[in-house]
Amino acid sequence: MRVCVIGTGYVGLVTGACLAHIGHDVICVDNNEEKVKLMKSGQSPIFEPGLSEIIQSAIHTEKIHFTSDLAAGVSHGEILFIAVGTPPLPTGESDTRYVEAVARGIGENLNGGYKVIVNKSTVPIGSGDWVRMLVLDGVAERQKTLIPAGGVPSDEKLPEVTAQFDVISNPEFLREGSAVHDTFNPDRIVLGGNSQKAVALMRQLYAPIVERKFAEDQSLPPVPILATDLSSAEMIKYAANAFLATKISFINEVANICDRVGADVTEVARGIGLDSRIGNKFLQAGIGWGGSCFPKDVSALIHTADDYGYEAQLLKAAVSVNERQRLIALEKLQQVLKILKGKTVGLLGLTFKPDTDDLRDAPALNLIEQLNRLGAKVKAYDPIVSQTGLRHGLSGVLVETDAERLADGCDALVLVTEWQQFSTLDYVKMAKLMAHPVIIDGRNFLDPEAMIRAGFQYVGVGR
């Protein structure tokens, strides 16, 4: 099938590359010329395991092309994905101006042939009808451009711009760091819309994935497809992320109680996770959730509820617990070191989660800000950030090139991101390099007994 993906962020680029990998003809459109040039060379502008290899393979087989020409993309695609960013505004609302610009642009370039326009961006509930209106506005604008300067003579008819399309909501559930894997191994595919023709085309598009032809375990039953209405599909995305964020805030609340009563939250999480009604995922206590999805989507859902006269108290509490949790590592540092002014603190990890280069709303940024405010010197080491130019955008922190340089002279270390590499560092050597061998395990990732044997004073969260 012919596919156009507009926007090449985490969602758009992974979606386009993976659809090309399973055999579709894909054009990815982005208005950033430098980014397009980079992708044409086979390089990914983001770090995502396995993505560069898929892009290079698809370029080699000529299944994927990159351009800044929206008209060319719209002309090519029978299915058009809108996959641009919807960052949060200060009010908590989603900033939908990029979606608006793309929807109008699609309308201005529609001319003959049926199209399925797919909302892949996370958009406010009700955006399906709004996007349809914007596309039609774009069509009307194009119609105006066909009118000659002197107007249309009474005996002539203006050529009509045809616009045959349907809008589908197809929310993504990709995890950064596992996005390629999640694309080929989804738990479900959600399709929202009232056009059977559009839903049928989307089923055809996803057939190789539904049939597990590219899955890690191809013996599994087909991927469930939930075909529903537009608003429900949009709500599913927000509800899923809000639930997961709330689950993390819940276990962090439990961890804080465990700290006070002498229980171990890792054992508590194991015990409640064995209950099939609860499950063991997203029960890892630590210093809170971040990234580009959870904060934005929970805030957007709270704001939507407010718009319709409902106060989402549980979601507001989840956000409040998370904001407080980000300072837990700071409190534990103060308990151990007392005064932080003049002390040197090293952060193990900067990104909001492992296997990504994403620093958006990362807990590390809050820690850096607060440690600086209290007069501490802050150093950091991150397997990805330390190797890229991203570190030049960080202020108030010295980014080291390896973990041992980080440990040298530190009064304490804080494990912020649970990179797998951090489980095999030479902690014995690192402890000897430190002024005070203290480690705050902000993710309960390390083995406490092993750290104590290495010479550290170990402090976990809820342990």
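One can find the structure itself at the top, above this paragraph.
On a predicted model such as this, the values are computed, not experimentally measured, just so you know.

(A) Structural view of the overall build of the chain. Helices and strands together make up the secondary structure of the chain, namely 17 helices and 14 strands. Radius of gyration (C-alpha) of the chain: 25 Å, near the 23 Å computed for a compact globule of 463 residues. For the chain, the spread of C-alpha atoms along the principal axes amounts to about 90 × 50 × 45 Å. When burial is assessed residue by residue, the chain has 52% of its 463 residues classed as buried. Look at the contacts in the chain between residues 6 or more apart in sequence, and 73% of them connect residues 24 or more apart. A total of about 21200 Å² of accessible surface is found on the chain, and carbon and sulfur atoms cover 52% of it. Where the 45 positive side-chain charges of the chain centre and where its 56 negative ones centre are 3 Å apart.

(B) Spatial organisation of empty space enclosed by the protein. Summed over all chains, the structure comprises one cavity of 30 Å³ or more. By volume, the largest cavity amounts to about 60 Å³. If you go around the largest cavity, the residues you meet are Asn119, Lys120, Ser121, Thr122, Val123, Ser169, Asn170, Pro171, Ala233, Glu234 and Lys237. The greatest single-element share of the lining of the largest cavity, amounting to three residues, is contributed by helix α9 (residues 230–261). Considered class by class, the residues forming the lining of the largest cavity number three nonpolar, five polar and three charged.

(C) Layout of the packing of α9 against helix α10 (residues 265–273). One way to put it is that α9 packs onto α10 with a least axis distance of 9 Å and a crossing angle of 135°. As far as their axial angle goes, α10 and α9 are oblique. α9 and α10 meet at a crossing whose hand is right-handed. Of the residues in α10, those touching α9 at Phe250, Ile251, Val254, Ala255 and Cys258 are Val265, Val268, Ala269 and Ile272. The residue makeup of the contact of α9 with α10, split by class, is nine nonpolar, no polar and no charged.

(D) Expanded view of the side chain of Glu234. In this structure, Glu234 sits in helix α9. The side chain of Glu234 is buried and forms no salt bridge, while Arg132, the nearest opposite charge, is found at 13 Å. A polar side-chain atom of Glu234 sits 2.6 Å from the main-chain amide nitrogen of Gly126. In contact with Glu234, not counting residues within four places along its chain, are Asn119, Val123, Pro124, Ile125, Gly126, Ser127, Gly128 and Ser169.

(E) Main features of the layout of surface pockets. Looking at the second largest pocket, its volume works out to about 220 Å³. Every residue lining the second largest pocket is listed: Val265, Thr266, Ala269, Arg270, Gly273, Leu274, Asn280, Leu283, Gln284, Ala285, Arg443 and Asn444. The residue inventory of the lining of the second largest pocket, partitioned by class, reads five nonpolar, five polar and two charged.

(F) View of the pattern of salt bridges. If you walk through the whole model with that rule in mind, you get 23 salt bridges. As a salt-bridge pair, Asp25 and Lys63 come within 3.2 Å of each other at their nearest N and O atoms. Of this pair, Asp25 sits in strand β2 (residues 25–29) while Lys63 is found in the loop between α3 (51–60) and β3 (64–67), placing the two residues 38 residues apart along the sequence. With relative accessibility at 24%, the residue Lys63 sits in the partly exposed group. Asp358 is paired through a salt bridge with Arg360; the nearest N and O atoms lie 2.8 Å apart. For Arg360, a relative accessible area of 42% corresponds to the partly exposed category.

(G) Broad picture of the pairing of strand β8 (residues 225–228). Examined bridge by bridge, strand β7 (residues 189–192) and β8 share four bridges and lie parallel to one another. Note that in β8 the partner of Gly192 across the bridge is Thr228. Following the chain from β7 across helix α8 (residues 196–210) to the adjacent parallel β8, one finds a crossover that is right-handed.

(H) Just the packing of helix α13 (residues 328–337) against helix α14 (residues 363–373), in detail. For the pair α13 and α14, the least separation of the axes is 10 Å and the interaxial angle reads 40°. As the angle between them shows, α13 and α14 are arranged oblique. Together, Ala329, Leu330 and Leu333 of α13 and Leu367, Gln370 and Leu371 of α14 make up the contact between the two elements.

(I) Spatial organisation of the environment of Ile225. By the element assignment, Ile225 lies in strand β8. Look at Ile225 and you get partly exposed, because its relative accessible area is 22%. In this structure the C-alpha to C-alpha distance between Ile225 and Val190, which are 35 residues apart in sequence, comes to 5.9 Å. With residues up to four places along the chain from it excluded, the contact list for Ile225 reads Ile189, Leu191, Arg203 and Val210.

(J) Main features of the sheet that holds strand β12 (residues 412–415). In space, the six strands of this open sheet follow the order β11-β10-β9-β12-β13-β14, with parallel pairing throughout. Whereas interior strands pair on both sides, the edge strands pair on one side only; in this sheet they are β11 (398–399) and β14 (457–459). Where β12 lies against strand β13 (residues 438–441), three bridges are found, and the strand directions are parallel. Directly across from Leu415, in β13, lies its bridge partner Asp441. Running at roughly 175° to strand β9 (residues 344–348), α14 makes contact with β9, β10 (377–381) and β12 of the sheet.

Basis of the calculations
- Residues numbered from 1 in each chain as written.
- Predicted model: local features only at pLDDT ≥ 70, side-chain atom pairs only at ≥ 80, totals over all residues.
- Heavy atoms only, no water.
- Helix = DSSP H or I, 4+ residues; strand = E, 2+ residues; numbered from the N terminus.
- Rg over C-alpha atoms; globule rule 2.2 N^0.38 Å.
- Buried < 20%, exposed > 50% of the residue type's maximum accessible area, 1.4 Å probe, protein only.
- Contact = heavy atoms within 4.5 Å.
- Areas by Shrake-Rupley, 256 points an atom, 1.4 Å probe, with all protein chains shown as cover.
- Lys, Arg positive; Asp, Glu negative; His and termini not counted.
- Charge placed at Lys NZ, Arg CZ, Asp CG, Glu CD.
- 1 Å grid on protein atoms, 1.4 Å probe; cavity = no way out; pocket = protein on both sides within 12 Å on 5 of 7 lines; lining within 4 Å.
- Points joined across faces, edges and corners; volume = space filled by probe spheres on them.
- Nonpolar A, V, L, I, M, F, W, Y, C, P; charged D, E, K, R; others polar.
- Axes fitted to C-alpha atoms, helices over the stretch in contact; angles between N-to-C directions.
- Parallel < 35°, antiparallel > 145°, perpendicular 65-115°, else oblique.
- Left-handed = near helix turned anticlockwise from the far one by under 90°.
- Salt bridge = Lys/Arg side-chain N within 4 Å of Asp/Glu carboxyl O.
- Polar contact = N/O pair within 3.5 Å; in protein donor to acceptor, adjacent residues only side chain to side chain.
- Pairing = 2+ DSSP bridges.
- Right-handed = clockwise from strand over helix to strand, strands pointing away.

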